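Observations on the model geometry
Chain by chain, the residues run as shown.
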Amino acid sequence: MNQASTSPRGIQAIAPERRLGGSMHTALVRRRKAAERRFRAYGAGALILSLGFLVLLFTNIIGTGASAFRQAYVRLDVDFAAAELSPDGRRDPETLAAANYPGLVKAAVRAMFPEVTSRGEQRDLQELVSSGAAFQLRDQVLADPSVIGTRASVWVPASALLDGLLKGSYDRSAPEAERRINDRQIAWADRLAADHRLELRFNRILFTNGDSREPEQAGILGAVMGSLFTMLVTLALSFPIGVAAAIYLEEFAPRNRWTDLIEVNINNLAAVPSIVYGLLGLAVFINFLGLPRSAPLVGGLVLTLMTLPVIIIASRAALTSVPPSIREAALGMGASRMQTVLHHVLPLAMPGMLTGAIIGMARALGETAPLLMIGMVAFIVDVPSGLSSPSTALPVQIYLWADSPERAFIEKTSAGIMVLLAFLIAMNAVAIFVRRRFERRW
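Worth saying up front: this structure is predicted, and the values here are computed from it rather than measured.

Take the overall build of the protein next. Secondary structure assignment for the protein yields 19 helices and three strands. A compact globule built from 442 residues should have a C-alpha radius of gyration of about 22 Å, whereas the protein, at 34 Å, is more than 25% larger. Along the first, second and third principal axes, the C-alpha atoms of the protein reach 130 × 70 × 40 Å. When the 442 residues of the protein are sorted by exposure, 40% land in the buried category. Taking contacts inside the protein between residues at least 6 apart in sequence as the whole, the part at least 24 apart equals 77%. In the form shown here, the protein has an accessible surface area of approximately 24400 Å², with 62% of it arising from carbon and sulfur atoms. Taking the average location of the 44 positive side-chain charges in the protein and that of its 36 negative ones, the two points are 16 Å from each other.

Backbone geometry at H196 places phi at a positive 60°, although glycine is not the residue there. Tracing the backbone through its elements, the reader meets H196 in the loop between helix 9 (183–194) and strand 3 (198–202). With relative accessibility at 63%, the residue H196 sits in the exposed group. Even without glycine at this site, S294 takes up a positive phi of about 55°. Residue position: S294 is located in the loop between helix 13 (274–288) and helix 14 (296–320). In this structure S294 comes out as buried when scored by relative accessible area, which is 6%.

With that settled, consider the packing of aromatic side chains. Taken as a whole, this structure holds four aromatic pairs when the rule is applied. Taking the centre distance of 6.1 Å and the plane angle of 50° together, the rings of F113 and W188 count as tilted. Note that F113 is positioned in the loop between helix 5 (101–112) and helix 6 (119–126) and W188 in helix 9, a separation of 75 residues in sequence. The same class applies to F113 and to W188, which are both buried. Judged by centre distance (6.0 Å) and plane angle (10°), the rings of F202 and F207 are stacked. Among the aromatic residues, those joined into a cluster by ring pairs are F69, F202 and F207. Here the basic side chain of R201 rests over the ring of W155, its NZ or CZ set 4.5 Å away from the ring centre.

The biggest cluster of nonpolar side chains holds 38 residues, and the ones touching the most others in it are L76, F80, L85 and Y101. At the level of elements, strand 1 (70–79), helix 5, helix 7 (132–143), strand 2 (151–157), helix 8 (160–166) and helix 9 are the ones that each hand at least two residues to this core. Here the element with the most residues in this core is helix 5; it accounts for six residues. Not counting the four nearest positions on each side in its chain, L76 is found in contact with V105, A108, V109, M112, A152, S153, V154, V156 and R197. Membership of the second largest hydrophobic core comes to 33 residues, among which are M231, Y277, F285 and L301.

Structurally, S227 is set in helix 11 (residues 221–252). The class for S227 is buried, based on a relative accessible area of 8%.

Taking 1.5 Å as the rise per residue, helix 5 with 12 residues should run 16 Å; its terminal C-alpha atoms sit 17 Å apart, in good agreement. Within the span of helix 5, buried status applies to Y101, L104, V105, A108, V109 and M112. In an axial view of helix 5, the angular spread of the buried residues amounts to 130°, which keeps them on one side of the axis. Of the surrounding elements, those touching the buried residues of helix 5 are strand 1, helix 3 (82–85), helix 4 (93–97), helix 6, helix 7 and helix 9. Taking the backbone nitrogen of G103 as reference, a side-chain oxygen 3.1 Å away marks N100 as the first, capping residue of helix 5.

Tracing the chain through its elements places S315 in helix 14. For S315, a relative accessible area of 0% puts it in the buried group. If near-sequence neighbours (up to four positions away) are discounted, S315 is found in contact with V243, A246 and M353.

Here the focus is a positive patch on the surface. There is a patch of like positive charges on the surface, built from R32, K33, R37 and R38. In this fold, R38 is placed in helix 2 (residues 8–65). Here R38 falls in the partly exposed class, since its relative accessible area comes to 44%.

Mean pLDDT over the protein stands at 86; residues scoring 70 or higher make up 94%. In this model residues 1–6 is a low-confidence stretch, pLDDT under 50, and it forms four contacts with partners more than four residues away in sequence or in other chains.

With that out of the way, let us pick up the environment of E367. Mapped onto the elements of the fold, E367 is located in the loop between helix 16 (337–365) and helix 17 (369–373). Put simply, E367 and I275 are 92 residues apart on the chain and 9.3 Å apart in space, counted from C-alpha to C-alpha. Residues within four places of E367 in sequence aside, it is in contact with S274, L303, M306 and P395.

Criteria and thresholds
Residues numbered from 1 in each chain as written. Predicted model: local features only at pLDDT ≥ 70, side-chain atom pairs only at ≥ 80, totals over all residues. Heavy atoms only, no water. Helix = DSSP H or I, 4+ residues; strand = E, 2+ residues; numbered from the N terminus. Rg over C-alpha atoms; globule rule 2.2 N^0.38 Å. Buried < 20%, exposed > 50% of the residue type's maximum accessible area, 1.4 Å probe, protein only. Contact = heavy atoms within 4.5 Å. Areas by Shrake-Rupley, 256 points an atom, 1.4 Å probe, with all protein chains shown as cover. Lys, Arg positive; Asp, Glu negative; His and termini not counted. Charge placed at Lys NZ, Arg CZ, Asp CG, Glu CD. Phe/Tyr/Trp six-rings, centres within 6.5 Å; stacked < 30°, edge-to-face > 60°. Lys NZ or Arg CZ within 6 Å of the ring centre and 35° of its normal. Core = buried A, V, L, I, M, F, W, Y, C linked by side-chain atoms within 4.5 Å. Expected span 1.5 Å × (residues − 1). Arc of directions from axis to C-beta. Polar contact = N/O pair within 3.5 Å; in protein donor to acceptor, adjacent residues only side chain to side chain. Patch = residues over 30% accessible without salt bridge, like charges linked within 9 Å, V, L, I, M, F, W, Y side chains within 5 Å. Salt bridge = Lys/Arg side-chain N within 4 Å of Asp/Glu carboxyl O. pLDDT = per-residue confidence, 0-100.

Here you go:
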């Protein structure tokens, strides 16, 4: 056997097999490397495709909503006649508040175009100025009654019709029947622009007003305040309850069938659709407990139920990441179980808990479905002043504007999305900062 294996004939017989095995190994290596390159190409392609869709989404939102941050204003020469504003001469606030300010606006507009005499043309002419101009004049007179009896130039907001024309929303070359603004109104707008009575300014109304049926008067302040009150209730309830539940389940609860059942239910609740929480809030908080509809208090309670599982899971993960040696060292020094958790484990786990809470709050801020179920979809003009005031939230406000048939609300919808995304990005940035600033690596 040994001689046969070492004979030249044996060597010649074995060498082709070795060469064949080596070539097969090389082919397998080439195939594995080719598969790895294809996998990397697929991953890079998926990433590029995702980034492309994201860029397309942001480009569409910003391109549509950027114009909402500017508003057209018209300069009027208003005659604050004392006979119109305070006939009795006393100038008390009640009389001044009830004066005929729309009449002042109409008189100022007619004075700029004295040749317009027919009723139809005058109606078209008045459509160039927002109905909110009268409220602006009222606020000006109430703030400074000394303007009564004088004539002053005042910049007032233009109507959505004129605002859209100035921003290029209407095609001037299109037939008159295919656009809302007619040829006479376009000619009047050109005349206002030639007289330097028309310009685009920063739209402060968007940030200082509540909702309105008129697009040029609609703002997000009411929705932002409603979201703020709702988030305060959610944070005040969900964070302490979630952290306490996580501490008990992770540090003190016995390992038995009941705690296992609770843990499974918490994980399941984190995946429940948000509209189910809205139905629960409608049944319990409104129908059973009789709490007010469309109030931040109820919205905060509903979002608390939705956010609790997320905070509990994140807090338990943060507690688990603390090394057992910390607990053993504290117990070895004579600390009680409670002192070990509160003085040593909890401070080390707090950054992870805060990160989970911020992410859960960011998710709650963008929720719409549960708030729709508890009535926060109502048309609210006034800015809410408390937890029980009727209000809406920023995502619901975006939903309402998106459902409006007015063309000018399209840019308002995109602007609201931009503001909401800014809040969400800020909250996620805070979560990343907290995690990187206070995270301890073991």
